[in-house]
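Given next are the chains, with one letter for each unit.
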Amino acid sequence: MDMGKTILEVNELTTRYITRFGESVYAVDHVSLKVEEGKSLGIAGESGCGKSTLALSLMGYYFPPLHYMSGAILIDGRNISGMNPDDVRKLILGKEIAYIPQAAMNALNPTQKVIRFIEDVIQVHDYGATKRDIYERARALFEKLGLPASVLEKYPVELSGGMKQRTVIAISVLLSPKVLIADEPSSALDVTSQKMVIKMFRQLMNDGLIGSLIFITHELPLLYNVTDDIMVMYAGQIVERANAKAAVFDPLHPYSKGLMGSIIVPEEGLRNVKLAAIPGVPPNLKNPPSGCRFAERCKYVTPECRVTTVNLREIEDGRTYRCIFSENELREAYQNG
Amino acid sequence: MVKSKDVCLSGAGLTKVYGFGRTRTLAVDHVDFSFYEGEVVSIVGESGSGKTTLAKMLLGLTNVTEGEIYFQGEKRDISTQRKRREYWKNTQAIFQDPFSSYNIFNKIDTVLLDCINMRGGRGFSRERKFEMMTEACSFVNLKFEELTNKYPFELSGGQMQRLMIARVFLLKPKILLADEPTSMIDACSRATILDMLMQLRSEIGMTIIFITHDIGLAYYVSDSVYIMEHGKFVESGSADQVILHPKAAYTQRLINDVPKIYEEWDLSTV
């Protein structure tokens, strides 16, 4: 399955937040992942599981209270994890790796036209570019992505939510980044705008405007339709990674299974299904539980789960999961309810 | 399922116009509806279709330009503050953004005590009030002992939304208007919140008016569905009828726009 070259490789990345009382919160705990060129990876999980922190950590651009601990981030073979923040900002962000934070569309400057913001973005990386060039470049990209060029001359308040979000995405790919990280890009939008955003991501991938995509959301049906692989995070750790189809229809980790239980799609038979919510809340990462971090909320918990440290197991197709039970034991347990 | 045929809330020719002259916008355009007691009704439409304006009119938060609202068969009268408060005892709302629904200066105790007082519990003993608050919190899987003396902003989004439901539990209104109650919280808490709303419905038999853009959600929770486009209802009927056999092109498009997992998701339509 892996033929393309690896664009992003992360080895045992650990980052922590240091609170003002001096406590450490390990929000990303020994995370390793690989994304190949032309592939996309979805990251799923509840709020507070470290999805957004992982996205921030992947950029190699740390500012307090987030601190780098250990591990390596390789973009196209180049390690960016130990770099000076200023160099990261100038050389890496935007060109190598671009990041669309949550609610990015609300960050457009309301007092300036969209094109002024684009001029700022390009001039930081390409000093000396003239306004005329920048306008032409932006117009060409916007038209390619199906956005009207008139957007460039508008103020953000004149645009609808979906349009603002698509504008922000277009701006983020102006410098053709190798990796694009999108954090909940569609959760504040209605279904129709959401679909346009998704279509845009697909187009970006197909046209080769971005090398690979990391898509973070808690909406599994969306991930299933956008990304090749899905990675589930829980309490700062990866608990499962599989291709999209396997992750949705044949989840192995009890937590992924629980997430799949909360899917709502308008298809026949849904009304008779009772949504199964996972009881409880994720553990406090100031002092994470020893043993399996999901044990507290797991239906299939055994005394052993609470004491043994569980490592990621690898099974066929590069699929991994973090549970002490074997594949077959888990599948059997799910069949019996 | 509660299915009495008493009309709880209805509207005739309800219209709302914002602005005037060149900027005149017809947000809600002569809509007629009748919501029955104990029913879960969904109003579905994309952004800008007038769902929230309709909700605001139903709650009495904005003036009605034209048309009438009837509450339990009688014309709704909220001309004075006293009458308005009386109406709000029976009509409550859960809003989209839990982070801005609370008064940041009030503690959670105050939030809940207000509800008890509003329901005529002003004279109850401290123990009785405490018991009621504990019951309300445990209904939504929160522990009152952990919440007391805290402020709402110390809670997570899902917890705040649950606290909102605890309020509704204490107030026991006839009508609950839920305006996108789950769009700002994650998929996992969403299931919990929906379950709680349904449980509340069967417990106190209220009418829930559910406003959403996600037709999947509407299908999961509601008995009847109204589809709204540009301020008008384009289709209405029972959930099965509307969502499994949609007639209007707009309904079909909305259904198409929700990401699917069991069938191919057609991206060419937008």
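Residues numbered from 1 in each chain as written. Chains lettered and ligands numbered in written order. Predicted model: local features only at pLDDT ≥ 70, side-chain atom pairs only at ≥ 80, totals over all residues.

**A word on the overall build of chain A**
When its secondary structure is counted, chain A shows 11 helices and 12 strands. Projected onto its principal axes, the C-alpha coordinates of chain A cover approximately 65 × 50 × 45 Å. For chain A, contacts bridging at least 24 residues in sequence account for 64% of all contacts bridging at least 6. (Helix = DSSP H or I, 4+ residues; strand = E, 2+ residues; numbered from the N terminus. Contact = placed C-beta atoms within 7 Å.)

**Quick word on the overall build of chain B**
Looking only at helices and strands, one finds 10 helices and 10 strands in chain B. Radius of gyration (C-alpha) of chain B: 19 Å, near the 18 Å computed for a compact globule of 270 residues. Based on the C-alpha atoms only, the size of chain B along its principal axes is roughly 60 × 45 × 40 Å. Considering only contacts within chain B whose residues lie at least 6 apart along the sequence, 67% involve residues at least 24 apart. (Rg over C-alpha atoms; globule rule 2.2 N^0.38 Å.)

**Observations regarding the packing of helix α3 (residues 114–125) of chain A against helix α4 (residues 131–144) of chain A**
All names here are of chain A. It is the contact of α3 with α4, at a shortest axis distance of 10 Å, that shows an interaxial angle of 110°. Between α3 and α4, the angle is such that the two are roughly perpendicular. Residue-level contacts link Ile115, Ile118, Glu119 and Ile122 of α3 to Lys131, Ile134, Tyr135 and Ala138 of α4. Among the residues making up the contact of α3 with α4, the classes are represented as six nonpolar, no polar and two charged. (Axes fitted to C-alpha atoms, helices over the stretch in contact; angles between N-to-C directions. Parallel < 35°, antiparallel > 145°, perpendicular 65-115°, else oblique. Nonpolar A, V, L, I, M, F, W, Y, C, P; charged D, E, K, R; others polar.)

**Let's talk about the interface of chain A and chain B**
Taken together, the 32 residues of chain A in the interface contact 31 residues of chain B. Elements with a contribution of two residues or more to the side of chain A that touches chain B: α6 (191–206) and α7 (220–226) of chain A. No other element matches the seven residues that α6(A) contributes to the side of chain A that touches chain B. In terms of residue class, the side of chain A that touches chain B is made up of 17 nonpolar, six polar and nine charged.

**Describing the pairing of strand β2 (residues 25–36) of chain B**
Residues and elements named next belong to chain B. Here eight bridges tie strand β1 (residues 7–18) to β2, and the two strands are oriented antiparallel to one another. Paired with Lys16 across the bridge in β2 is Val28. What sits between the antiparallel neighbours β1 and β2 is a turn of six residues, in which Gly19 has the positive phi angle 70°. (Pairing = 2+ DSSP bridges.)

**A short note on the sheet that holds strand β10 (residues 237–243) of chain A**
Strand pairs in the sheet, formed through backbone hydrogen bonds, run parallel or antiparallel to each other. Residue and element names in this part refer to chain A. Within the open sheet, the eight strands sit side by side as β6-β7-β8-β3-β9-β10-β12-β11. Their pairing is mixed. Only two strands of the sheet have a single partner each, and these edge strands are β6 (97–100) and β11 (313–314). Taken together, the six bridges between strand β9 (residues 229–234) and β10 define a ladder with antiparallel strand orientation. Across the sheet, the residue bridging to Met233 is Ile238, located in β10.

**As for unusual backbone geometry**
All names here are of chain A. In this structure, Pro65 follows Pro64 across a cis peptide bond, with omega equal to 5°. The topology assignment puts Pro65 in the loop between α1 (51–58) and β4 (66–75). For His30, which is not glycine, the phi dihedral falls at a positive 45°. Non-glycine residue Ala103 carries a positive phi angle of around 55°. Of note, Ala103 is situated in the loop between β6 and α3. For Ala103, a count of 14 C-beta atoms within 10 Å corresponds to the partly exposed category. (Buried ≥ 20, exposed ≤ 12 C-beta atoms within 10 Å, placed from the backbone.)

**So, the nonpolar core**
Residues Ile181(A), Ile165(B) and Ile209(B) are the most contacted members of the largest nonpolar core, which totals 167 residues. Among the elements that line this core, the one with the most residues is helix α6 (residues 157–171) of chain B, at nine residues. When near neighbours in sequence (up to four residues on either side) are disregarded, Ile209(B) contacts Phe35(B), Val41(B), Ile43(B), Ile175(B), Leu177(B) and Ala178(B). (Core = buried A, V, L, I, M, F, W, Y, C linked by C-beta atoms within 7 Å.)

**Overview of the pairing of strand β4 (residues 66–71) of chain B**
Every other side chain in a regular strand lies on the same face of the sheet, so the side chains alternate between the two faces. All names here are of chain B. Summarising the sheet, β1 and β4 pair through five bridges and their orientation is antiparallel. In the sheet register, Ser10 faces β4, and the bridge partner there is Tyr70. Hairpin connection, β4 to strand β5 (residues 74–75): the antiparallel pair is bridged by two residues, and Gln72 has positive phi, about 50°.

**Let's talk about the sheet that holds strand β6 (residues 91–94) of chain B**
All names here are of chain B. Strands sit in the order β6-β7-β8-β3-β9-β10 across an open sheet of six strands; the sheet is mixed. In this open sheet, the two edge strands, each paired with only one partner strand, are β6 and β10 (232–238). Averaged over all pairs of adjacent strands, the angle between strand axes in this sheet comes to 15°, irrespective of strand direction.

**What to know about the confidence of the model for chain B**
Summing up the model confidence of chain B, the mean pLDDT is 87 and the portion of residues at 70 or higher is 98%. Predicted complex, confidence summary: ipTM 0.77, pTM 0.85. (pLDDT = per-residue confidence, 0-100.)

**Topic: the environment of Ile175(B)**
All names here are of chain B. With respect to the helices, strands and loops of the structure, Ile175 is situated in strand β7 (residues 175–179). Judged by local crowding, Ile175 falls into the buried class, with 22 C-beta atoms found within 10 Å. Distance in space between the C-alpha atoms of Ile175 and Ile208 is 5.9 Å, their sequence separation being 33 residues. In contact with Ile175, not counting residues within four places along its chain, are Cys8, Leu9, Asn90, Thr91, Met206, Thr207 and Ile209.

**Re the environment of Met233(A)**
Residues and elements named next belong to chain A. Position of Met233 relative to the elements: it lies in strand β9. The class for Met233 is buried, based on 24 C-beta atoms found within 10 Å. Between the C-alpha atom of Met233 and that of Tyr127, which follows or precedes it by 106 residues, the distance is 40 Å. Apart from residues no more than four positions distant in its own chain, Met233 is found in contact with Ile43, Gly45, Cys49, Gly50, Lys51, Leu54, Ile238 and Val239.

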